[in-house]
Amino acid sequence: MDAIVLLASCDKIVPGMLMAAARLDIPAIMVTGGPMAGGVVFDGRINEGHVVVIRYEGPKGGPGMREMYKAMKYLYGLGLAESTALVTDGRFSGTNNGCFVGHISPEASEGGPLAIVKDGDRITIDVTKGELTLHVPDGEITERLAR
């Protein structure tokens, strides 16, 4: 069985967007810590069809649960807000565009599911079902958590 966590938030579904089907199955690009997001966004690693995973931004990992609006604005500025997704244990407020999932709990610093995500892992965001699924076999999940 794959690791599954609850979907926290997704912005409106806009026709013509990658998210139009309300279900995404896309590869992850990892960012450890929100301040690193700008570098990852601007270095060309993120392209249409990626999910950006920013971990260690929850109440303990941040510390203080910093807001992830900068990462969303970086994606928007590069024209990627409607063709990528962002998943984090951090928080969102204010205005954002595209598909984003926040407040993942337990957070990565507590051994939550984002702690084991690696670049290239497949993640499904199913807005209709309210599910976020990391497609990693049980044995691999156990191995990664043991590290």
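Residues numbered from 1 in each chain as written. Predicted model: local features only at pLDDT ≥ 70, side-chain atom pairs only at ≥ 80, totals over all residues. Heavy atoms only, no water.

## Here's the deal with the overall build of the chain
Here comes step 1: Along the chain, the regular secondary structure elements total three helices and seven strands.
Here comes step 2: In the chain, the succession of α and β elements from N to C terminus is β-β-α-β-α-β-β-β-β-α.
Here comes step 3: Every one of the 147 residues in the chain was classed for burial, and the buried ones make up 48%.
Here comes step 4: Of all intrachain contacts in the chain linking residues separated by at least 6 positions in sequence, the fraction that spans at least 24 positions is 64%.
Here comes step 5: Surface summary for the chain: the accessible area is close to 7100 Å², and the carbon and sulfur share equals 55%. (Helix = DSSP H or I, 4+ residues; strand = E, 2+ residues; numbered from the N terminus. Buried < 20%, exposed > 50% of the residue type's maximum accessible area, 1.4 Å probe, protein only. Contact = heavy atoms within 4.5 Å. Areas by Shrake-Rupley, 256 points an atom, 1.4 Å probe, with all protein chains shown as cover.)

## A look at helix H2 (residues 69–77)
Here comes step 1: Along H2, the positions that sit buried rather than exposed are Ala 71, Met 72 and Leu 75. Buried residues in H2, looked at end-on, bunch into an arc of 100°, giving them a common side. Opposite the buried face of H2, by more than 90 degrees, sit the exposed residues Tyr 76 and Gly 77.
Here comes step 2: Positive backbone phi, approximately 75°, marks Gly 79, located one or two places after H2. (Arc of directions from axis to C-beta.)

## Some details on the packing of aromatic side chains
One pair of aromatic rings is described through two measures. These are the centre distance and the angle between the planes.
Here comes step 1: In this structure the tally under the stated criterion is one aromatic pair.
Here comes step 2: Ring centres of Phe 92 and Phe 100 lie 4.7 Å apart, and the angle between their planes is 55°; this geometry places the pair in the tilted category. Here the two residues Phe 92 and Phe 100 agree in accessibility, since each one is buried. (Phe/Tyr/Trp six-rings, centres within 6.5 Å; stacked < 30°, edge-to-face > 60°.)

## Points about the environment of His 50
Here comes step 1: Here His 50 shows up in the loop between helix H1 (37–42) and strand S3 (51–55).
Here comes step 2: In this structure, the C-alpha to C-alpha distance between His 50 and Thr 84, residues 34 residues apart in sequence, is 5.2 Å.
Here comes step 3: Excluding residues within four positions of it along the chain, His 50 makes contact with Ile 26, Pro 27, Ile 29, Arg 45, Ser 83, Thr 84 and Ala 85.
Here comes step 4: Only 2.9 Å separates the side chain of His 50 from the backbone nitrogen of Asn 47, close enough to count as a polar contact. (Polar contact = N/O pair within 3.5 Å; in protein donor to acceptor, adjacent residues only side chain to side chain.)

## Considerations on the pattern of salt bridges
In a structure, side chains of opposite charge can pair up when their charged atoms sit close to one another.
Here comes step 1: Going through the model one piece at a time under the given rule, you end up with six salt bridges.
Here comes step 2: Between Glu 140 and Arg 144 there is a salt bridge, and its shortest N-O distance comes to 2.9 Å. Of this pair, Glu 140 and Arg 144 both sit in helix H3 (residues 138–146), four residues apart, which is roughly one turn of the helix.
Here comes step 3: In this structure Glu 140 comes out as partly exposed when scored by relative accessible area, which is 24%.
Here comes step 4: In this structure, Arg 147 engages Glu 143 in a salt bridge whose closest nitrogen and oxygen atoms are separated by 2.8 Å.
Here comes step 5: Judged by relative accessible area, which is 43%, Glu 143 ranks as partly exposed.
Here comes step 6: The network of salt bridges with shared partners includes Asp 121, Glu 140 and Arg 144. (Salt bridge = Lys/Arg side-chain N within 4 Å of Asp/Glu carboxyl O.)

## Here we look at the nonpolar core
Here comes step 1: Val 51, Val 53, Val 87, Val 117, Ile 123 and Ile 125 are the most contacted members of the largest nonpolar core, which has 20 residues in total.
Here comes step 2: Contributions of two or more residues to this core are made by strand S2 (23–32), S3, strand S4 (85–88), strand S5 (99–101), strand S6 (122–126) and strand S7 (131–135).
Here comes step 3: Broken down by element, this core gets its largest block of residues, three residues, from S2.
Here comes step 4: Contact partners of Val 117, with chain neighbours within four places excluded, come to Ala 28, Met 30, Val 53, Arg 55, Ile 123, Leu 134 and Arg 144. (Core = buried A, V, L, I, M, F, W, Y, C linked by side-chain atoms within 4.5 Å.)

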